[in-house]
Amino acid sequence: MNDADLSDETLMGRFARGDAGAFAALYRRHELRTWRYLERNVGDRAAAEELMQEVWFAVAREADRYQPTARFTTWLFAIARNRMVDAVRGRRPQVSLDEMGHEAAPVIGRLTADAGAGPLAAAEARDRAQALREALARLPPEQRDALLLQLEGDLSVEEVAAITRASFETVKSRLRYARTRLRELLSEYA
Amino acid sequence: MSTVPPPWDPSDDADEQYRRASDLDASRPSEATRRAVLSHAETLAAARARRNGGRRPWMSALGAMLRWQPAIVGTVASALLIAVLIAPQFLVPRAPESSRPESLRDVAPVTRPATAPPPPPVLRTEQQEAKAQAPAPPGPARPSTPPATLQRARSPSESYSPAPREAALNEPRADMNAAAGVAAGVTSARAVQAPRPSASRAQTLRRAAAAGDLAALGAQLAEGADIDARDEQGRSALMLAVVNGRVDAVEWLLARGADPNAADAEGVTPLQAAQRNGRPEISSALRRHGAR
């Protein structure tokens, strides 16, 4: 059976027994989602790179102790969020969630559009991606965090509530406000 | 094939709009980050593979045995100790007193070496002790019931915590009586014939000190107990008398040359212990005898 056909939990089990290929498969599968969650929350590429390493180092290190009692993605995004909160709380105050709430500076220059799509398509794609970033940056941090956990982590409201240590109703409310605001902001762009 | 993104539809659901825009975002972690993560994982995987993969069944069995080695050794050692201490009691036939030659009467059983440690107190109840110490009757019959005062199993421990006074007083006395060869008015042939090791005498001395039993202290000292012998926590008889607030015992021991500065294993001196317990009269007694 190909690694791509195996569940996350099975891959983690294989890695824990010494199969580096299983980890590589796991990383490829979740790299982009983890990256987007981190980068769109912290709004800073360098900080996101550092967090990305920390998160996946932790995943590799903790594989021995990983118990598949919950979905791997729930565990992964819990680690990602904890690392991000640690960064916010003191180790790297420059990436404070509060600071980059509504007025975060646009992140320009890191959107490299499909080179084969031509200059017009590339510019269009860059603009839209940028619009999304700006819209997310204008959401209150808790709403943005909850929304990204759900959309990138593919987590349920209950899982988001558990990870963020908020009540189910609070998370539901944050998600509703976040979606309403995001829709408005993206409509402005359109 | 058109590579131009589809037109933006403001009426789309927020999630859908997010997905469309997100798909256009080409931002990725750097190659350096990817390499660092995968390289770290490979290192860990190699270590785990070495730890898990190279094992053969016999190696696992050996590993399991080594893991259990302390338990195995402990069990075997305990069994041997019990065998050495207990088995002779049952294996060597005892001839009735009357049938033994006169020259062998009042001689300790030869199977118990003089240097062997005494049996652990918990392994021997007072009832058994009394049976062993009861005087040999004229005939083969022995008393069926021991004295009522010797029913309780002996406790091996000495404690800082003040036990109920009655228990604290009874316990050393029972030991003292047995050690001195006087148990409820009967002569203990064993105690007389086979002198108890000094460790046991010292233990009894400490118990007597903890209980403030001057008579028992005198008996033990007369029997040759080391007045400054320590227990496993480094506590001398004087220290136990101090921590249990036995002023008389403290004075008595100091008067007979107990070391007033004998610190315990933690370095606490009797004077410090008395000060901690708020016993100025004991502190001054200690100071009078040179405690620092």
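Residues numbered from 1 in each chain as written. Chains lettered and ligands numbered in written order. Predicted model: local features only at pLDDT ≥ 70, side-chain atom pairs only at ≥ 80, totals over all residues.

Caption draft 1: Here's a closer look at the overall build of chain B. Along its length, chain B carries 12 helices and 2 strands. What you see in chain B, going N to C, is helices and strands ordered as α-α-α-α-α-β-β-α-α-α-α-α-α-α. A separation threshold of at least 6 residues defines the contact pool for chain B, and within that pool the share at least 24 residues apart is 68%. (Helix = DSSP H or I, 4+ residues; strand = E, 2+ residues; numbered from the N terminus. Contact = placed C-beta atoms within 7 Å.)

Caption draft 2: Broad picture of the overall build of chain A. The number of helices and strands found in chain A is 8 helices and 0 strands. Ordered by position in the sequence, the α and β elements of chain A form the string α-α-α-α-α-α-α-α. Counting only residues that meet the buried cut, chain A has 42% of its 190 residues in that class. (Buried ≥ 20, exposed ≤ 12 C-beta atoms within 10 Å, placed from the backbone.)

Caption draft 3: Examining the interface of chain B and chain A more closely. Counting residues at the interface gives 31 residues for chain B, matched by 44 residues for chain A. For the side of chain B that touches chain A, the secondary-structure elements that each account for two or more residues are helix H1 (14–24) and helix H2 (31–53) of chain B. At 13 residues, H2(B) tops the list of elements feeding residues into the side of chain B that touches chain A. Partitioning the side of chain B that touches chain A into residue classes produces 17 nonpolar, 9 polar and 5 charged. (Nonpolar A, V, L, I, M, F, W, Y, C, P; charged D, E, K, R; others polar.)

Caption draft 4: A look at the nonpolar core. With 59 residues, the main nonpolar core has Phe15(A), Phe23(A), Leu38(A) and Leu51(A) as its most contacted residues. Once residues lying within four places of it in the same chain are set aside, the contact partners of Phe23(A) are Phe15(A), Ala60(A), Ala41(B) and Ala45(B). Core analysis: the next-biggest nonpolar cluster, separate from the first, contains 30 residues, Leu217(B), Ala225(B), Val242(B) and Leu271(B) among them. (Core = buried A, V, L, I, M, F, W, Y, C linked by C-beta atoms within 7 Å.)

Caption draft 5: Layout of helix H7 (residues 157–164) of chain A. By the burial criterion, the buried members of H7(A) are Glu159(A), Val160(A), Ala161(A) and Ile163(A). Remark: Arg165(A) follows H7(A) within two positions and exhibits a positive phi of approximately 55°.

Caption draft 6: Expanded view of the confidence of the model for chain B. Residues and elements named next belong to chain B. Averaged over every residue, the pLDDT of chain B is 66; the share at 70 or more is 53%. Mean pLDDT per element in chain B: strand E1 (residues 182–183) is the minimum at 34, and helix H9 (residues 237–243) is the maximum at 91. For residues 95–195, every residue scores under 50 in pLDDT, and the model assigns this stretch 117 contacts once sequence neighbours within four places are set aside. Across the whole predicted complex the pTM is 0.46, and at the interface the ipTM reaches 0.81. (pLDDT = per-residue confidence, 0-100.)

Caption draft 7: Region of the structure containing unusual backbone geometry. Residues and elements named next belong to chain A. Positive phi is not limited to glycine here, since Asp154 has a value of about 60°. A tally of 13 C-beta atoms within 10 Å means that Asp154 is categorised as partly exposed. The phi angle at Arg165 is positive, at roughly 55°, despite the residue not being glycine. Turning to its location among the elements, Arg165 is positioned in the loop between H7 and helix H8 (168–189). Judged by the 7 C-beta atoms lying within 10 Å of it, Arg165 falls in the exposed class.

Caption draft 8: Seen up close, the environment of Gly212(B). Residue and element names in this part refer to chain B. By secondary structure assignment, the location of Gly212 is in the loop between helix H7 (198–211) and helix H8 (214–222). Exposure remark for Gly212: the 22 C-beta atoms within 10 Å place this residue in the buried category. Linking Gly212 and Val250, residues 38 residues apart in sequence, is a C-alpha distance of 8.3 Å.

Caption draft 9: Representation of the packing of helix H1 (residues 8–16) of chain A against helix H2 (residues 20–42) of chain A within the structure. All names here are of chain A. Between H1 and H2, whose axes approach to 7 Å, the crossing angle comes to 145°. At the point where H1 passes H2, the crossing takes the left-handed sense. Contacts between H1 and H2 pair Asp8, Leu11, Met12, Arg14 and Phe15 from the former with Ala22, Phe23, Ala25 and Leu26 from the latter. (Axes fitted to C-alpha atoms, helices over the stretch in contact; angles between N-to-C directions. Left-handed = near helix turned anticlockwise from the far one by under 90°.)

Caption draft 10: The arrangement of the confidence of the model for chain A in detail. Mean pLDDT over chain A stands at 83; residues scoring 70 or higher make up 83%. Across residues 92–116 of chain A the pLDDT falls below 50, and counting only partners more than four positions away or on other chains, this stretch makes 44 contacts in the model.

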